Amino acid sequence: MEEVDVEPTTTPIPGFDSNQKHLGFVWGPGDILVYETIYKASGGSAGGCPFVHEVRKDEDIYSPILRKLFNESHHIFVGLQRIREDLPSKNKKPQFVSISKNYRSVIRACMEELQQVAGIPSLSTLKGFISMMSHLSLWCKQNFNIFCTLFVVCDPLAGSLVLHLLDWVRLHKADVDEKAREVLASESPAEHQAYWDVVISYVLQGRMDEARQVLVKQAALQPAARVMFKLLDNLLMKMPIFNPGETQTLTEFDVKWRHWREEVDHCLQDQSFASNRHLEDICKILVGDEDVLLEYKELLSTWYHFLVTRLLFSHPTVKPTELHYYAQSSMHMFLDTRSVPEPLDSILLAAFEFDIHQVIKDCSIALNNWWFVGHLTDLLDHCKLLQSHNLHFGSNLREFLLLEYASGLFTHHSLWQLAVDYFDHCPEFGRVYLELQIERVPLDTERKALKVIRICEQRQMTEQVRSICKIMAKKALRNNRLGSALSWSIRAKDAAFATLISERFLQDYCAKGTFSDLDLIDNLGPAMLLSDRLTFLGKYREFHRLYGEKRFSDAAKLLLSLMTAKIAPHSFWMTLLTDALPLLEQKEVIFSADQTHELMFCLEELTSGKSVPTPDRPMQVLGYTPPYPLSNVCFPFNLLIHCFIICSNLYSCLARG
């Protein structure tokens, strides 16, 4: 067995002392039921705790805000799968970049909503959970952005990397804009205590235009230093930024940048800003003075922000292959020697080394659900950036992570529908997982059952459809909803269960004298051929309809065929013979001689003792009142005699005619 990369976390169970009692558990689809046993740790037994605890694996899916993230990212995922494989790489890359931006947008919206909810007083009891979710979303947002920047968006050539890293930093250090609005809205912005923090923060992010606009406020208050402010404004304005979209080559940019750097150095050597410490610090930042940069740790806040600022002012044309060297040194310079690197630090270092598999591994350990690694791996796999290799415990890495994520979704009462599409796009094991998981969906309502069946039918999952229909049929039968039960059994093509329900219909008819769910029985169509008993039920109902329409000849013919074809249960023959009495007493002759002979033969077979029904329930007769009380226990035999006399007289008349 392989060693685990990290020690598994311990989940405390309230009120349970592992030193005193044993713990029992039962695995579920997405959780574990834990209970205290009656056995002591030292042997013997004692009274157990009456509580059963539910330990959930993916608690995040129960957050309403994160459910929005799951729903919206599902649409992006499906759109990514529709990108045609045969398209040239140059045509697919813009689509992949667009997909990555869509993912980042939904993460950002989720994070903003979590931050808003965290400020609602009425949700104070949930603040711990909301704070954790907000931190998690921020973490996902930072990582997803940098991974997409490095692996999907960024050009492998030098020059454009720093530009993308700057966008990443600006996205996650948006607090400077809020602080700038606060400063500029004050009565005297230049005298605000956060004024220089705003200016220097803009410079650290490479936002020179914004820094110049704020510096104007200070220059207006110091006319004597106007020349000095003008000089710095000129340096900020002239700072070259490489733009891959322009016609300028990398060599031309490098020459221009070195010339600008020499100009800034010259200003420092001339001590042009010696009389103003803040302006001098800004000038030193422009030349990439690392000591000065480290003085503003609070404004940089993270070592990777320090890395990007350092590259901007010292190595603007850094190549992606060189990035990890600067990342390592920047982290060591920024962090205290006694501080322990966090999981995010090791993940970012792996990303800067372009070690995609290590990134995915570390993220899987650090996060408590598979949403992040599943979607990231899927995107990288479509970009052909992930080396596809089969895992010793299943399919390739992409499919394994998507299967785990989708399996977690299936434990939720509504998100399970999203999981179906994830399974659909796992070619090796997705179908198997779906077949196993779809049978675990709680069928609370018929509407939900129909939704599950539609999903199964679209994928030709015949066995699952039959299983679901059988479950619904049994549930309807337990609730005495015979029509619904029959409908589900027909859909399941379950002949045995359809026979059982048909018997219940016939029993119900004998007890009440009427059929329930006539619409269903009248429209059985070819479905009545599923079983003999169902066929009899449908045809017997048709006999009633013909009799009601006064089509006595057709009704007599059908009634006789039900008896002679042997599809009618023998216990029901007495009812059929009773139904024949009104037809026999009609003024016009309904039964022909042959039909009368067959009717007498059936009567003789019934009275021969082979199958004599017991009068355990009253017989209902169509429009006919027999000459004997129904309560008379001898009524069945008296009725047979009466029927025999009528048939004999009729047969004699027909014979003479």
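Residues numbered from 1 in each chain as written. Predicted model: local features only at pLDDT ≥ 70, side-chain atom pairs only at ≥ 80, totals over all residues. Heavy atoms only, no water.

Glancing now at the overall build of the protein. A tally of helices and strands in the protein yields 30 helices and 3 strands. Considering the protein as a whole, with its 657 residues, one finds that 46% of them fall into the buried category. In the protein, of all internal contacts separated by at least 6 residues, the share reaching a separation of at least 24 is 61%. With the model as given, the accessible surface of the protein reaches about 34,000 Å², and the carbon-plus-sulfur share is 53%. (Helix = DSSP H or I, 4+ residues; strand = E, 2+ residues; numbered from the N terminus. Buried < 20%, exposed > 50% of the residue type's maximum accessible area, 1.4 Å probe, protein only. Contact = heavy atoms within 4.5 Å. Areas by Shrake-Rupley, 256 points an atom, 1.4 Å probe, with all protein chains shown as cover.)

Taken together, the side chains of Val-26, Leu-33, Tyr-35 and Val-52 present a nonpolar region at the surface, about 340 Å² in accessible area. With respect to the helices, strands and loops of the structure, Tyr-35 is situated in strand S2 (residues 31-40). What makes Tyr-35 partly exposed here is its relative accessible area of 32%. (Patch = residues over 30% accessible without salt bridge, like charges linked within 9 Å, V, L, I, M, F, W, Y side chains within 5 Å. Salt bridge = Lys/Arg side-chain N within 4 Å of Asp/Glu carboxyl O.)

Where helix H14 (residues 323-334) meets helix H15 (residues 343-352), the axes come as close as 8 Å, and the angle between the chain directions of the two elements is 155°. In terms of their interaxial angle, H14 and H15 are classed as roughly antiparallel. The residues of H15 that touch H14, namely those facing Leu-323, His-324, Ala-327, Gln-328 and Met-331, are Asp-345, Leu-349 and Phe-352. Grouping the amino acids of the contact of H14 with H15 by side-chain chemistry returns 5 nonpolar, 2 polar and 1 charged. (Axes fitted to C-alpha atoms, helices over the stretch in contact; angles between N-to-C directions. Parallel < 35°, antiparallel > 145°, perpendicular 65-115°, else oblique. Nonpolar A, V, L, I, M, F, W, Y, C, P; charged D, E, K, R; others polar.)

What follows concerns the packing of aromatic side chains. Enumeration over the complete set of coordinates arrives at 17 aromatic pairs. Each ring, one from Tyr-195 and one from Trp-196, has its centre 5.1 Å from the other, and the planes form 85°; the classification is edge-to-face. When sorted by exposure, Tyr-195 lands in the same class as Trp-196, which is buried. Ring geometry for Trp-303 and Phe-352: centres 6.1 Å apart, planes at 80°, overall edge-to-face. On the criterion of sequence distance, the pair formed by Trp-303 in helix H13 (residues 303-314) and Phe-352 in helix H15 is long-range, its members being 49 residues apart. For the pair Trp-303 and Phe-352, a shared accessibility class is recorded, and that class is buried. In this structure an aromatic cluster arises from ring pairing among Phe-536, Tyr-540, Phe-543, Tyr-547 and Phe-552. Above the ring of Phe-334, the side-chain terminus of Lys-297 is found at 5.2 Å from the ring centroid. (Phe/Tyr/Trp six-rings, centres within 6.5 Å; stacked < 30°, edge-to-face > 60°. Lys NZ or Arg CZ within 6 Å of the ring centre and 35° of its normal.)

Taken together, the buried positions of helix H16 (residues 356-366) are Ile-356, Val-359, Ile-360, Asp-362 and Cys-363. Each buried residue of H16 lies within a common arc of 170° when the element is viewed along its axis, so the set occupies one face. (Arc of directions from axis to C-beta.)

Attention shifts here to the packing of helix H27 (residues 552-564) against helix H28 (residues 573-584). Between H27 and H28, the least distance of the axes is 11 Å, while the angle of their chain directions is 160°. Judged by the angle between their axes, H27 and H28 are roughly antiparallel. Classified by chirality, the crossing of H28 by H27 is left-handed. Contacts between H27 and H28 involve Phe-552, Ala-556, Leu-559 and Met-563 from the first element and Trp-573, Leu-576, Leu-577, Asp-579, Ala-580 and Leu-583 from the second. For the contact of H27 with H28, the per-class residue count stands at 9 nonpolar, no polar and 1 charged. (Left-handed = near helix turned anticlockwise from the far one by under 90°.)

This paragraph deals with the side chain of Asp-345. Tracing the backbone shows Asp-345 in helix H15. Of the buried charged residues, Asp-345 lacks a salt bridge, with Lys-297 as the closest side chain of opposite charge at 12 Å. Sequence-distant contacts of Asp-345, defined by excluding residues within four places in its chain, comprise Trp-303, Met-331 and Leu-335. (Lys, Arg positive; Asp, Glu negative; His and termini not counted.)

On to unusual backbone geometry, then. Positive phi, normally seen in glycine, also occurs at Ser-301, with a value near 70°. With respect to the helices and strands, the residue Ser-301 is situated in the loop between helix H12 (297-300) and H13. At Lys-550, a residue that is not glycine, the phi angle is positive and equals roughly 65°. Looking at the element boundaries, Lys-550 is found in the loop between helix H26 (532-548) and H27. The exposed category is assigned to Lys-550, whose relative accessible area is 62%.

A word on the state of the cysteines. Under the defined criterion, the tally for this structure stands at 0 disulfides. Unpaired in this structure, Cys-456 has its nearest cysteine sulfur neighbour in Cys-469, at a distance of 9.3 Å. For Cys-469, a relative accessible area of 0% corresponds to the buried category. (Disulfide = S-S within 2.5 Å.)

Take helix H9 (residues 250-269) next. Between its first and last C-alpha, H9 extends 28 Å over 20 residues, near the 28 Å set by a 1.5 Å rise per residue. Listed in full, the buried residues belonging to H9 are Phe-253, Trp-257, Trp-260, Val-264 and Cys-267. Take H9 and look down its axis: the buried residues cluster within an arc of 70°, on one side only. Exposed residues on H9 whose side chains face more than 90 degrees from its buried face are Thr-251, Val-255, His-259, Glu-262 and Gln-269. Residues of H9 that are buried in the fold lie against helix H8 (226-238), helix H10 (277-286) and H13. Where H9 ends, the next residue or the one after it, Gln-271, has phi of about 55°, a positive value. (Expected span 1.5 Å × (residues − 1).)

Across all of its chains, the model carries 21 salt bridges by this definition. Across the pair Arg-207 and Asp-177 runs a salt bridge, and its minimum N-O distance is 2.7 Å. On the criterion of sequence distance, the pair formed by Arg-207 in the loop between helix H6 (195-204) and helix H7 (208-221) and Asp-177 in helix H5 (residues 175-184) is long-range, its members being 30 residues apart. In the salt-bridge network here, residues are joined through shared partners; they are Arg-545, Glu-549, Arg-551 and Asp-554.

Note that Lys-319 resides in the loop between H13 and H14. Its relative accessible area of 43% is what places Lys-319 among the partly exposed residues. Remark: the alpha-carbon pair of Lys-319 and Ser-160, spanning 159 residues in sequence, is separated by 8.8 Å.

Next up on the list: the side chain of Gln-81. Among the secondary structure elements, Gln-81 is positioned in helix H1 (residues 64-81). Judged by its relative accessible area of 15%, Gln-81 is buried. At 2.9 Å, the side chain of Gln-81 forms a polar contact with the side chain of Asp-378. (Polar contact = N/O pair within 3.5 Å; in protein donor to acceptor, adjacent residues only side chain to side chain.)

Here we come to the confidence of the model for the protein. The share of residues in the protein with pLDDT of 70 or more is 78%, and the mean pLDDT across the chain is 78. Across the protein, the element-wise mean pLDDT spans from 52 in helix H30 (residues 635-656) up to 93 in helix H19 (residues 416-424). Across residues 121-135, where pLDDT falls below 50, the model places 15 contacts with residues more than four positions away in sequence or in other chains. Per-residue pLDDT stays below 50 along residues 611-641; that stretch engages in 50 contacts with residues further than four places along the chain or on separate chains. (pLDDT = per-residue confidence, 0-100.)

Position of Thr-149 relative to the elements: it lies in helix H3 (residues 127-153). For the pair Thr-149 and Asp-167, spaced 18 residues apart in the sequence, the C-alpha separation amounts to 9.2 Å.

Let's shift gears to the environment of Met-563. Within the secondary structure, Met-563 sits in helix H27. Given the relative accessible area of 0%, Met-563 is considered buried. For Met-563 and Cys-602, which are 39 residues apart along the polypeptide, the C-alpha to C-alpha distance reads 7.3 Å. Apart from residues lying up to four places away in sequence, Met-563 is in contact with Trp-573, Leu-576, Leu-577 and Cys-602.

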